[in-house]
Structures are given as C-alpha cells and as structure tokens.
Amino acid sequence: MKRFSTWVLAFVLCTLTAITFAQPPGGGFGRGRGFGGGFSMLGMAEVQKELKMTPEQVGKLKDAGEDLDKSMQALREETGNPFELSDEGRAKFFAKMQEMQTKAAASVLKEDQMKRYRQLDLQQSGSQALSRKDVAEELKLSDEQKEKLATLQKEQGEAMGQIFRNGGNFRDMTEDERAAFRKKMGDMRKSFNDKAFAVLSADQNKKWKEMLGEPFKFPARGPGRPGGGAPPPPRNP
C-alpha cells in the first residue's frame, strides 16, 4: 500500500495540479486531495472569492469532499495499483479520478461558476491537462501528438517518482530541504511543460491560452500556510 500511495501521489502531482503537500487553506476535507488542484482548490479562500461562492456553497464542501473520498477509495480498491495496469487501463483510471473531481465540484457550484472552475483547473494543471480527453478533443490533437505527449508524461512520472523515492518524508524535512525539494520539482515541471507545449502547433497554443481564461494568481504557500511553497506550473506555453 505504501508503494501504491507513493506512485499515486507522484502521478497526481504530475497530471492533475500544482505541487502541494497538505490540505488546502481553509480546507480540511478530503484525504488524498491535498494536492491543490481540481476539487481541492475549492478549499482556498482566494478561489472561493474568485468563483463568488456563497457561504452556503462553502459549507457544502466538507460533505462533497467526504463523498469524493469514498468514491476514490472504492476506485483504488477496485483497480489496485494503476501502474500495474495496461496503458489503456491506467488512462481509464485517472480519467475516472478526473471525472469524480469534476462531479464533486458540480455538486457545489453553479453552471457559470463551473466554467471558471475549469479554467482555474487548467491553469493549475499546466501541460498535464493535455492528456485529458476533453482537452485533447478541444485542441484537436492528432494521434501523433497524443503519443508524443504520453511519452513525455511517462518520463515525467518516472522522474518525479524517483525523486520521491530518494527524497524521504517531506514532513520530516527541514525548511531548507523542503525549499530545495520544491525547487527541484518546480524546475522539472517547467522543463516538461516547455517540451509538451512545443508539441502543439501555433494555433493549438493560441486555443490553449483562450481555454485558460483570465490568468488567476494562485495563493503562494509558505511557513504560515498549509501546503508548502510550490508555485503553480506555467499557465502558458
């Protein structure tokens, strides 16, 4: 189980969001979703303000998060280690995780809020969102482009997984060690982002920027805030 959790964390950090290591500010809901993007970013006060969430909606987050946890846990128990699945099976696993997070957000947000939520989710995810079916379809990615992006994603997952295996327990690190760890991960993410967006055509990169909407400055994390201090990945290629 420990091996499974490490790999899932590494993959989620690569594919779903920016890197954080605890529950989001104002959160406290949802084990395994303290990675700062998707549904968990709704725990950030700044995101709640951006989406114009009402106190009633904020109050619904805990229950929605708990329901999401149960669904994700059931998925993990059903499929086992996703990295022991076929490429197709693994893709379905993480597509289902993405679907679950979107459904959880939709249970709290209104339609107009969901539009902005998706933009923020894409901004947080960076190039890793290119592996999502809805994004690939909207950008009209070719089969060749999908193959190139899948190869890059696999390389990134393996590289980040290696860092986690060699890095020890993040919570046991000193602040200096954590800062160095975040920088290493951030530099690696930027490198892979640059390579991924280079796969897209000029028109596709233009479309991607339109899909992101108005740039949003996600809250920085530091000693006084949960989650560490990793910046979100580059929003634009």
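Before going into details, it helps to say that this report is about the structure given with it. Given the structure is predicted, the values throughout are model-derived calculations rather than measurements.

**Some details on unusual backbone geometry**
- Unusually for a residue other than glycine, lysine 52 sits at a positive phi of about 55°.
- Its relative accessible area of 68% is what places lysine 52 among the exposed residues.
- Non-glycine residue lysine 140 carries a positive phi angle of around 55°.
- Within the secondary structure layout, lysine 140 lies in the loop between α6 (133–139) and α7 (143–167).

**Some thoughts on the pattern of salt bridges**
- Throughout the structure, instances matching the rule amount to twelve salt bridges.
- Between glutamate 175 and arginine 178 there is a salt bridge; the shortest N-O distance is 3.3 Å. With glutamate 175 and arginine 178 both in helix α8 (residues 175–197) and three residues apart, the pair spans about one turn of that helix.
- One salt-bridge network, held together by shared partners, links Arg118, Asp121, Arg132, Asp134, Glu138 and Lys207.

**A short note on helix α9 (residues 202–212)**
- For α9, every residue scored as buried is listed here: Gln204, Asn205, Trp208, Met211 and Leu212. Looking down the long axis of α9, one finds its buried residues gathered within 115° of arc, a one-sided arrangement. Turned more than 90 degrees away from the buried face of α9 sit Ala202, Asp203 and Lys206, all of them exposed.

So, how was this worked out
Residues numbered from 1 in each chain as written. Predicted model: local features only at pLDDT ≥ 70, side-chain atom pairs only at ≥ 80, totals over all residues. Heavy atoms only, no water. Buried < 20%, exposed > 50% of the residue type's maximum accessible area, 1.4 Å probe, protein only. Helix = DSSP H or I, 4+ residues; strand = E, 2+ residues; numbered from the N terminus. Salt bridge = Lys/Arg side-chain N within 4 Å of Asp/Glu carboxyl O. Arc of directions from axis to C-beta.

Honestly, that's just the spatial picture; any functional story needs more than this.
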